[in-house]
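Tertiary structure, described
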Amino acid sequence: MYHSIATFTFREGTTASQVEALAAALKTFASGLEGVRSYSCGADMRLREGTDDFAVAATFDNEVALRTYLAHPEHAEISRLHVEPILAGKHNAQFIT
């Protein structure tokens, strides 16, 4: 399996509706891609200090599916419309199990 994890920290003043719109856009996008085994995203639960504000955890059947997801024009458009206006910081990693 091929995995991609991303976490985001948002700018002060980011609203719940902005975060919900981001989650909805990502889930809709991922649901239409071939090779997506599982896809979850959402706001941090705030159970610990120092966590980021939002996370995406995705599993793909193969490297081609992962690379397609990462390079897809719709993924870039979601970033432009929903992430960039509220983004303060980002971490990500891709790995194989």
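Now for a look at the structure at hand. No experiment lies behind these values; they were computed from the predicted model shown. (Residues numbered from 1 in each chain as written. Predicted model: local features only at pLDDT ≥ 70, side-chain atom pairs only at ≥ 80, totals over all residues. Heavy atoms only, no water.)

**Notes on the pairing of strand β1 (residues 2-10)**
- As judged from the 7 bridges shared by β1 and strand β3 (residues 54-60), these two strands associate in the antiparallel manner. If you follow A6 over to β3, its bridge partner there is V56.
- Direction of pairing for β1 relative to strand β4 (residues 87-96): antiparallel, over a ladder of 9 bridges. Across the sheet, residue T7 finds its bridge partner in β4, namely H91. (Pairing = 2+ DSSP bridges. Helix = DSSP H or I, 4+ residues; strand = E, 2+ residues; numbered from the N terminus.)

**Quick look at the side chain of D53**
- Structurally, the position occupied by D53 is in the loop between β2 (36-43) and β3.
- Residue classification places D53 among the buried positions, given a relative accessible area of 16%.
- For D53, the contacting residues outside a window of four places in its chain are F8, T9, F10, G42, A43, D44 and R46. (Buried < 20%, exposed > 50% of the residue type's maximum accessible area, 1.4 Å probe, protein only. Contact = heavy atoms within 4.5 Å.)

**Points about the pattern of salt bridges**
- Applying the stated rule across the entire model yields 5 salt bridges.
- The shortest N-O distance in the salt bridge between R46 and D44 comes to 3.5 Å.
- What makes R46 partly exposed here is its relative accessible area of 49%.
- Among the residues examined, D44 registers a relative accessible area of 29% and is labelled partly exposed.
- Here E63 ties to R67 by a salt bridge, and the two come within 2.7 Å at their closest N and O atoms. Taken as a pair, E63 and R67 lie in helix α2 (residues 63-71) at a separation of 4 residues, close to a single helical turn.
- Residue E63 is classed as partly exposed on the basis of its relative accessible area, which comes to 35%.
- When salt bridges with common partners are traced through the structure, they connect D44, R46 and D53 into a single cluster. (Salt bridge = Lys/Arg side-chain N within 4 Å of Asp/Glu carboxyl O.)

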